[in-house]
Amino acid sequence: MFWRSQYVGSDSLAGCRDSPGSPGARVNSSEYFPIFLALLWQAGLFFHQGLAAALGLLYLYARYCYFMGYKASSSERLTPIYFSAGVLWILIAVSALGILHFFLSHYVGLNVLQLLTA
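Note that the coordinates shown come from a computational prediction; the quantities given were computed from them, not determined experimentally. (Residues numbered from 1 in each chain as written. Predicted model: local features only at pLDDT ≥ 70, side-chain atom pairs only at ≥ 80, totals over all residues. Heavy atoms only, no water.)

Asks: Now, about the overall build of the chain: what can you tell me, with residues and values included?
Replies: Each helix and strand in the chain was counted, giving six helices and zero strands. What you see in the chain, going N to C, is helices and strands ordered as α-α-α-α-α-α. For the chain, the residues scored as buried account for 24% of the 118 residues in total. (Helix = DSSP H or I, 4+ residues; strand = E, 2+ residues; numbered from the N terminus. Buried < 20%, exposed > 50% of the residue type's maximum accessible area, 1.4 Å probe, protein only.)

Asks: Summarise the environment of Pro80; cite the residues concerned and give the values.
Replies: Turning to its location among the elements, Pro80 is positioned in helix α5 (residues 78-108). Between the C-alpha atoms of Pro80 and Met68, which are 12 residues apart in sequence, the distance is 9.6 Å. Apart from the residues lying within four places of it in its own chain, the contact partners of Pro80 are Ala62, Cys65 and Tyr66. (Contact = heavy atoms within 4.5 Å.)

Asks: Give a description of the side chain of Asn28 that names residues and reports values.
Replies: With respect to the secondary-structure elements, Asn28 resides in helix α3 (residues 23-46). Residues in contact with Asn28, not counting those within four places in the same chain, are Arg63, Tyr66 and Ile81.

Asks: Outline the nonpolar core, listing residues and values.
Replies: With 10 residues, the main nonpolar core is built from Phe36, Leu39, Ala43, Ala52, Leu55, Tyr59, Val87, Leu88, Leu91 and Val94. Listing elements by their share of this core, those giving two or more residues are α3, α4 (49-72) and α5. Counting residues per element, this core draws most heavily on α5, which supplies four residues. Contact partners of Leu88, with chain neighbours within four places excluded, come to Tyr32, Phe36, Leu39 and Tyr59. (Core = buried A, V, L, I, M, F, W, Y, C linked by side-chain atoms within 4.5 Å.)

Asks: Hey, could you go over the side chain of Arg63 for me, with residue numbers and the actual values?
Replies: As for its placement among the helices and strands, Arg63 is situated in helix α4. One buried charged residue, Arg63, forms no salt bridge at all, with the nearest opposite charge on Glu31 at 7.5 Å. Discounting residues that sit within four places of it in the chain, Arg63 has contacts with Asn28, Ser29, Tyr32, Ile81 and Ser84. (Lys, Arg positive; Asp, Glu negative; His and termini not counted. Salt bridge = Lys/Arg side-chain N within 4 Å of Asp/Glu carboxyl O.)

Asks: Summarise α5; cite the residues concerned and give the values.
Replies: Under the 1.5 Å per step criterion, the end-to-end length of α5 is 44 Å for 31 residues, consistent within 8% with the ideal 45 Å. Restricting attention to buried positions, one finds in α5 the residues Pro80, Ile81, Ser84, Val87, Leu88, Leu91, Val94, Ser95 and Gly98. Along its buried surface, α5 packs onto α3 and α4. Gly109 sits one or two residues past α5 and shows a positive phi near 80°. (Expected span 1.5 Å × (residues − 1).)

Asks: Can you break down α3 residue by residue, with the values?
Replies: The end-to-end C-alpha distance of α3 is 35 Å, a good match for the 34 Å that 24 residues give at a rise of 1.5 Å each. At Tyr32, α3 shows its maximal bend, which comes to roughly 30°, and the proline Pro34 appears one to four places after that position. Buried within α3 are the following residues: Ala25, Asn28, Ser29, Phe36, Leu39, Ala43 and Gly44. On the buried face of α3, the contacting elements are α4 and α5. (Bend = angle between axes of the 7 residues up to and from the residue.)

Asks: Would you mind going over the packing of α4 against α5 in detail, with residue names and values included?
Replies: One can describe the packing of α4 onto α5 by two numbers: an axis separation of 8 Å at closest approach and a directional angle of 160°. By the angle between their axes, α4 is roughly antiparallel relative to α5. Both α4 and α5 take part in a crossing whose hand is left-handed. Note on element contacts: α5 touches α4 through Pro80, Ile81, Phe83, Ser84, Val87, Leu88, Ile90, Leu91 and Val94, opposite Leu51, Leu55, Leu58, Tyr59, Ala62, Arg63, Cys65 and Tyr66. Looking at side-chain class alone, the contact of α4 with α5 contains 15 nonpolar, one polar and one charged residues. (Axes fitted to C-alpha atoms, helices over the stretch in contact; angles between N-to-C directions. Parallel < 35°, antiparallel > 145°, perpendicular 65-115°, else oblique. Left-handed = near helix turned anticlockwise from the far one by under 90°. Nonpolar A, V, L, I, M, F, W, Y, C, P; charged D, E, K, R; others polar.)

The structure is reproduced here in structure tokens:
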């Protein structure tokens, strides 16, 4: 049968046995990575590149701590995953503020930064 010859077992998806974490942590991170990249680009383009870079580094460090916590025990992975989710929420807010400012200044002609400093 063709479908049995094309089967990929879970051991071949696990990667190197000496690498930190487990397949569950890798799959979880791969699900969040496209969201992180899109938010990082939007925050950098529409708000501020330095803040976006700092938040990106915080997110990557939190994911690293998540891998190490996933490897150690289930209770040690909760704090880093909550922290990385918080960083993602901050990136969402920063991106939304930057996009809102762009559309208001470009299409409505309302420059919010000038209104705040005046």
